[in-house]
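# A look at the structure
If you want the building blocks of each chain, they are given just below.
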Amino acid sequence: MTLILLSLGTLASIGCRDHSPMADSGAEVSTIADAAESVSPDATATISESITSVIMPGPEAQAQAQEALITAEPGDVIEFAAGTFEFVGTLSLDGIAGITIRGQGIDDTILNFTGQRKGSGGEGLMVKADRFTIEDLTIQNTPGDAIKISDSNEVTIRRIRTWWSEGPSEQNGAYGIYPVMCSNVLIEHCVAECASDAGIYVGQTRQTIVRHNRAMRNVAGIEIENTIGADVYENEATNNTGGILVFSLPGLQLKNGSHTRVFKNRLFDNNHPNFAHEGAMVATVPAGTGLMIMANDHVEVFENDIHGNKTANCAVVSFLATQRKFDDPQYDPYPEAIHIHDNRMSDGGKDPQGVFGDIYKQAGKLPMPDIVVDGVLDPAKLVDGKLPDTLAWGIVNNGDATFVNLGLAAMLQGKGAEISDDSGDYAAARDPLAAIVLSGVE
Amino acid sequence: MKMTATAKQNSSLQKLAFTATLAAVLVFGLLGCRQSVPVGDATGDGSSTSESIVAVDADPVPTNESRRTRRAKYLPRLSQYALFDGALANLEPAAGVLPYDVNTPLFSDYAAKHRVVRLPDGVTVAYQPTDVFDFPVGTVLAKTFYYPHDMTQPGQGRRLIETRIMLHQPTGWIGLPYLWNDEQTDAMLSLTGGAVEVKWKHRDGRDRRNTHLVPNFNDCKRCHENQKFEPIGPTAGNLNRDFDYTDGRENQLRRWAEIGLLTGLPDSTQVPRFAVWNDEATGDLNARARAWLDVNCAHCHSPIGPARNSGLHLHVGVAEPYRLGVYKTPVAAGRGTGGRLYDIVPGHPDASILMHRLETDHVGEMMPEIGRSLVDEEGVELIRQWIEAMEPAAVPATSPGSAGI
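Residues numbered from 1 in each chain as written. Chains lettered and ligands numbered in written order. Predicted model: local features only at pLDDT ≥ 70, side-chain atom pairs only at ≥ 80, totals over all residues. Heavy atoms only, no water.

All names here are of chain A. Strand order in the open sheet formed by 11 strands is β4-β7-β9-β11-β14-β17-β20-β23-β26-β29-β31, with parallel pairing between adjacent strands. Edge positions in the open sheet fall to β4 (91–94) and β31 (403–405), since each of these has one partner strand only. Averaged over all neighbouring strand pairs, the angle between strand axes comes to 10 degrees, with direction disregarded. Relative to strand β26 (residues 312–317), strand β23 (residues 289–294) is paired through 5 bridges, and the arrangement is parallel. Its bridge partner being in β26, Met292 is matched across the sheet by Ala315. (Pairing = 2+ DSSP bridges. Helix = DSSP H or I, 4+ residues; strand = E, 2+ residues; numbered from the N terminus. Axes fitted to C-alpha atoms, helices over the stretch in contact; angles between N-to-C directions.)

Structure below.
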């Protein structure tokens, strides 16, 4: 076939198949496309055919992978062969939509960043590109975040493992899987381990599904922060400091997170000592936290199995509980419209840690109840001393789960904590939140 | 000689070079995958660019090397831009090419920088007081990084490391890294960047070495791309300084206006002037520190920059202490907190995360994240003094302390 005979317009529209090596030396690079695949001479073709670039392990892999990412065109696949790749700098994709990065499997393709150089960023993979997919590989030992994806719409992260192979350490990077300021994000069938902040962290993002993942030995297993619209379901989080966190922090672009559903997860034995650097917000999370909601609104927690978390199986607190300063008038530090129902909780609170643990232990009763609230409400929103129906909490039908209100509001006013097991203010069920719907995702 | 005259005299050559560049981009862009002759095989000077395009057009043999084609959208050699006269390493600006400098530069591991700009013939730039000038399509900015062999004796020669080209195309700006060859005869496009071992005698007389990292094509965007890719340095405030032209010392903006490049330049008293970070004569401590933070940090830490997720905004116009980091908790700092609680604790640099970020050279903790691997010792000292001198601001909403939950 003679490409030169085709019109420029056709060439532009159909793109081309690359069977060629990516680097001039080329010895270690091939493509999976074979000679039988060729560009159709059909001038009416409108769908671009993509290039699949296969990167092999070896000293040229960094430059070859990066060049493939720089020169990619929409629809391309960058495929890593089986084996371990040693990278000395961040790999990045910027501004090219529709790219897929793929390995040969979570155990077979390892991108290792142990030797990353100073001044090269710290992340393993940095992405800013719409319709991005990454699947079937492991990223390990990044000085910073393993996979950071920002400002991107339609992101799929599937069957990825991120971890630090030496085990939990404050020297590990902050986040494993880290979409931030994105929209329409799917994270599924991933494994995240040993992050010094969160294994899976979704920040300042709209419309997310996090499902069928496992998070172990992180400070936070899965964290949904300042995010609007998240479904977090059928994940397993164990041996983290905190299993799942749903937080809103002050001072950020997307101010107040809301509308998160956490359901059908298994959160057990999240008792790992906290190894976050002091100063990081997760450094304040006490070891033994199953699920913690902080300052988020419209959170529905249901049908989870939460057990064996030694501080509390489930805690809901205001940002004021951190006793950190903030100066952000648009930030709402109070959790509202929290709905916790139909969960199974057991064997929690046996050795409660942190300030809450201290408060409760001083009361002379153990274990700490399954569901712990700090009892700090926004006085400006109260009607007759209670939250209005639109913001009221429902804590109902949680089987044998026990409850405590730590009465921190009184403590913040300089009085003693007013601990109470009265959950009467939270007794009305709320309407369910809507499911998150992502295009093309069942 | 006056730039005006030379710019006119050489406009045809200049136009040719630009046209060739543009043509290369357009032709290769349209051709998509069909060509196989990389421009990199051309011989090197500006005229050969057009020859190579002809060669490509005439090439009847498709080889399916679309990856090479994609790479070949860009000129492979610095010399092809025809920015310099004579031996390239002398960086002698060609006619119509203006050298310039900025008041406060980005710290880049002590590398020295040589900057030039070339505008298409016959166009002008409208003055604006705060934003980067809106340079027209066709503008080329070139910044060459080099190390003098001996910083105490600049006359002892230098080694050119890389030249970063910013090119304003019809589709927007792009940034391209060119790596100088060992012979110092030309610099070659290196889309994937590189690492160069450098050594020099430092200002204190000691020998220093470093691995100088040349950014890759995407790295360029990490600093230059806010909502769109654009230059960072050439603002009125940062250009408002004198420059030693071949025909005498003169204010850069005035010169630009005189030769007809810049329109609407107001009276000099109306033009902002960035402090020179290390020159006390140009501004007080606050002005110099803020200029340093603006140049080194604000390309990311702004409401539209890549680090906007942090909520920390360090551009020179920010007045709110909390936005600047005063008693602000970090978000995604990870171990970058250095074990500290707030970005800035007024009066206490050693309790401020900002200081740790600047003082460390650990990857994953250091700031800026890319572009440096050494600590800017003098810059860090400036920021230390600034935080030390800072009055405790209005105490924020919650009480001090951080006992945690």
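Let's pick the thread back up.
Time to look at the pattern of salt bridges. A complete count under the given rule lists 29 salt bridges over all chains for this structure. A salt bridge links Lys118(A) to Asp361(B), with the nearest nitrogen and oxygen atoms 2.9 Å apart. With Lys118(A) in the loop between β6 (109–112) and β7 (125–128) and Asp361(B) in the loop between α10 (353–359) and α11 (377–389), this residue pair bridges two chains. (Salt bridge = Lys/Arg side-chain N within 4 Å of Asp/Glu carboxyl O.)

Residue and element names in this part refer to chain B. Packing of helix α8 (residues 285–297) against α11 leaves a shortest axis separation of 9 Å and a crossing angle of 130 degrees. As summarised for this structure, α8 and α11 are arranged oblique, according to the angle between their axes. Of the two possible hands of crossing, α8 and α11 adopt the one that is left-handed. Facing α8, whose interface residues are Leu285, Asn286, Arg288, Ala289, Arg290, Trp292 and Leu293, α11 presents Gly379, Leu382, Ile383, Gln385, Trp386 and Ala389. Grouping the constituent residues of the contact of α8 with α11 by class yields 8 nonpolar, 3 polar and 2 charged. (Parallel < 35°, antiparallel > 145°, perpendicular 65-115°, else oblique. Left-handed = near helix turned anticlockwise from the far one by under 90°. Contact = heavy atoms within 4.5 Å. Nonpolar A, V, L, I, M, F, W, Y, C, P; charged D, E, K, R; others polar.)

Further remarks concern the pairing of β6(A). All names here are of chain A. Neither face of β6 is left uncovered, since the one carrying Thr109 and Leu111 and the one carrying Ile110 and Asn112 both have all their residues buried. Two strands pair when backbone bridges link them, and strand β3 (residues 83–86) and β6 are joined in this way by 4 bridges, in the parallel orientation. Directly across from Phe85, in β6, lies its bridge partner Leu111. By the bridge criterion, 3 bridges tie β6 to strand β8 (residues 132–140) in an arrangement that is parallel. Note on β8: the bridge partner recorded for Leu111 is Ile139. (Buried < 20%, exposed > 50% of the residue type's maximum accessible area, 1.4 Å probe, protein only.)

Residue and element names in this part refer to chain A. With burial as the criterion, each face of strand β2 (residues 77–80) is covered, one bearing Val77 and Glu79 and the other bearing Ile78 and Phe80. Bridge analysis of strand β1 (residues 52–55) against β2 gives 4 bridges, and the strand direction is parallel. By the bridge assignment for β2, Thr52 is matched with Val77. Each parallel crossover has a hand, and the one from β1 via helix α2 (residues 61–70) to β2 is right-handed. (Right-handed = clockwise from strand over helix to strand, strands pointing away.)

Residues and elements named next belong to chain B. The strand order β3-β4-β6-β7-β8-β9 describes an open sheet built from 6 strands, whose pairing is antiparallel. Every interior strand has two partners, whereas the edge strands, β3 (97–100) and β9 (187–189), have only one. Strand-to-strand twist of the sheet, defined as the mean angle between neighbouring strand axes without regard to direction, takes the value 25 degrees. Its contacts with the sheet place helix α5 (residues 217–224) against β7 (158–169) and β8 (172–180), and it is angled at close to 125 degrees to β8.

For chain A, the average pLDDT comes to 88, and 89% of its residues sit at 70 or higher. Long-range and interchain partners of residues 1–47 of chain A, a stretch whose pLDDT sits below 50, account for 98 contacts in this model, where long-range means more than four residues apart. (pLDDT = per-residue confidence, 0-100.)

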